[in-house]
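Here are the chains, one letter per residue:
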Amino acid sequence: MRKRRCVAARSILVGLLLITSFTDCAILQRRWAGESRDRAFIAYWPPPKDSKRLRLAVKDLIDMKGVVTTAGSEYVAQNSQPAASDAQCLAIARQRNVQIVGKTNLSEFAVAPSGINDFFGTPRSPLSKRSKIIPGGSSSGSAVAVASGMADVAFGTDTAGSVRVPAACCGIVGLKTTFGLVSLQGVFPVEPKHLDTVGPMAKDVAHVVEGMDLLQDGFAARYRAAMAAKPLAKNIRIGRLYLGGTDRRIDKAIDDALARAGFQVVPLDQAFKAKWDQAKKDGDTVAAAGAWISDGKFFEKLIGVSARTKAIIALGEFDYSTSYRNALRRQAPWQQALRQTFKKVDFIALPTLQKLPPRIPLVDRSALVEAQIALFEAEMLGLQNTVAVNYAGNPALAIPVPLEDRTIPATSLQLVGPRSSEAGLLNAGRLIEASVQRLINQSLLAKSARSH
């Protein structure tokens, strides 16, 4: 039954794309005055060269007073007034006089996991020097901004993985916060009743801590307390979750990173895996339905909304009418299952993505290519191990670890914690990061010895 429904949904998706592509009566080329060269920013305000202030990039789903919040959409960009006030999540950054360097690019309406954006352009992940891989979405520009050194910290949003997936695709650190911890006032919604969160992204754990301290006053002190409570990995219990379909090299990289750091690692059983798999399906349903609830008003726009985004919205309506209510009924049992698991372990570890980030596909406005990219987005949803965490409301950290691959040098380890455990997660991330640095230093020493 589930397989037939999946095939039917794909058929609906392709059909909608063919219809909407042929009914688009104008094709507008990407043009936006304030964008940056690598397309990380929709609006970029370079800081003074001698500035010592922390540079913050803000996803263009978050209101800034006097600036249009585009939500990555041509239609919204050209038909909206500047925000009358800042989003609440910017309050601490404003108080501390942080240097906001721009509004970052994203997938249209934040509904696609690849980070592809036809109108504003697709940001370029610097993770691979040999291949043009996707930046990940929807917080694609935020990830590229920090990975390329244009910002010290970026704010992203995460509904189904939109902080952690681009962090994985760009080789940086991303924190999905506990649902409800950071205010969503002034944030363009996707699924604000159950899933939406705001979180920090940066090149390393220390800067993510700085970013989190801008979102939750007093967080730096909580992080210092977490470090003092558990300074060594041997005092931290990790439940290791293995999922079917994962690239063996990625699983090995995750296991090696946990062992190298010295955590106590406990494999989680098949019963928990089955619950995780169901939560992933239910989370995808709730996220898709949320996109319909939030963005259904844009479906009828003839110009300015891409055909595949319309198809995603329409598919969300399908999920809303067929599966949404049952998915919500299973949310509380899933939250309870996680609470029980966290009585046995401190955190859960698994890959952020089951495969390596794919190459950016060719993008144009032809019906066939639109359909192909829409199916590409659907496949990306299957590769990310993130939405089950949103469905529960728990926090999670994505952190890069070394990978044996000629094209992509790192994969991403995801740590999931109990609610409000952001400080503990970042402390565990610090220990992983330190063990990776020791490995790099050992490699450099060995290379230097061979050269002599």
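Everything in this summary refers to the structure shown in the same document. Since we're looking at a predicted model, the values are computed, not measured.

### Remarks on the packing of aromatic side chains
The geometry of an aromatic ring pair comes down to the distance between the two centres and the angle between the two planes. Using the criterion set out here, one finds eight aromatic pairs in the structure. Note on phenylalanine 272 and tryptophan 334: the rings are 5.7 Å apart at their centroids and 35° apart in plane angle, and the pair reads as tilted. Of the two residues, phenylalanine 272 is situated in helix α9 (residues 270-295) and tryptophan 334 in helix α12 (residues 331-341); the sequence distance between them amounts to 62 residues. Judged by its relative accessible area of 6%, phenylalanine 272 falls in the buried class. Note on tryptophan 334: relative accessible area 5%, which makes it buried. Ring centres of tyrosine 320 and tyrosine 324 lie 5.0 Å apart, and the angle between their planes is 35°; on these two criteria the pair is classed as tilted. Using a relative accessible area of 27% as the deciding quantity, one classes tyrosine 320 as partly exposed. These aromatic residues form a ring-pair network of at least three members: Tyr75, Phe109, Phe188 and Phe298. Here the guanidinium or amino end of arginine 240 rests over the ring plane of tyrosine 242, the centre of that ring lying 3.9 Å away.

### Structural notes on the layout of surface pockets
Estimated volume of the second largest pocket: approximately 820 Å³. Forming the walls of the second largest pocket are 30 residues, and the residues nearest its centre are Pro402, Pro409, Ala410, Val436 and Ile440. Of all the secondary-structure elements, those providing two or more residues to the lining of the second largest pocket are α8 (248-261), β10 (396-402) and α15 (422-451). No other element matches α15, which puts eight residues into the lining of the second largest pocket. A per-class count over the lining of the second largest pocket returns 18 nonpolar, three polar and nine charged.

### What to know about the nonpolar core
Inside soluble globular proteins, nonpolar side chains tend to come together where they are buried. Residues Ile238, Phe263, Leu413, Leu415, Leu426 and Ile432 are the most contacted members of the largest nonpolar core, which totals 40 residues. Examining the composition of this core, we find that seven residues originate from one element, α15, more than from any other. In contact with phenylalanine 263, not counting residues within four places along its chain, are Ala233, Ile236, Ile238, Leu258, Ala428, Leu431 and Ile432.

### Comments concerning the state of the cysteines
A complete count under the given rule lists zero disulfides for this structure. No disulfide involves cysteine 170; its nearest neighbouring cysteine sulfur is the one of cysteine 169, lying 6.4 Å away. Exposure remark for cysteine 170: the relative accessible area of 4% places this residue in the buried category.

### Observations regarding the pairing of strand β4 (residues 153-158)
The element β4 is largely enclosed, with a buried count of six among its six residues. Alternating residues of β4 divide into Val153, Phe155 and Thr157 and Ala154, Gly156 and Asp158, and every residue in both groups is buried. Alignment of strand β2 (residues 55-59) against β4, held across three bridges, turns out to be parallel. Across the sheet, leucine 56 pairs through a bridge with valine 153, a residue of β4.

Analysis parameters
Residues numbered from 1 in each chain as written. Predicted model: local features only at pLDDT ≥ 70, side-chain atom pairs only at ≥ 80, totals over all residues. Heavy atoms only, no water. Phe/Tyr/Trp six-rings, centres within 6.5 Å; stacked < 30°, edge-to-face > 60°. Helix = DSSP H or I, 4+ residues; strand = E, 2+ residues; numbered from the N terminus. Buried < 20%, exposed > 50% of the residue type's maximum accessible area, 1.4 Å probe, protein only. Lys NZ or Arg CZ within 6 Å of the ring centre and 35° of its normal. 1 Å grid on protein atoms, 1.4 Å probe; cavity = no way out; pocket = protein on both sides within 12 Å on 5 of 7 lines; lining within 4 Å. Points joined across faces, edges and corners; volume = space filled by probe spheres on them. Nonpolar A, V, L, I, M, F, W, Y, C, P; charged D, E, K, R; others polar. Core = buried A, V, L, I, M, F, W, Y, C linked by side-chain atoms within 4.5 Å. Contact = heavy atoms within 4.5 Å. Disulfide = S-S within 2.5 Å. Pairing = 2+ DSSP bridges.

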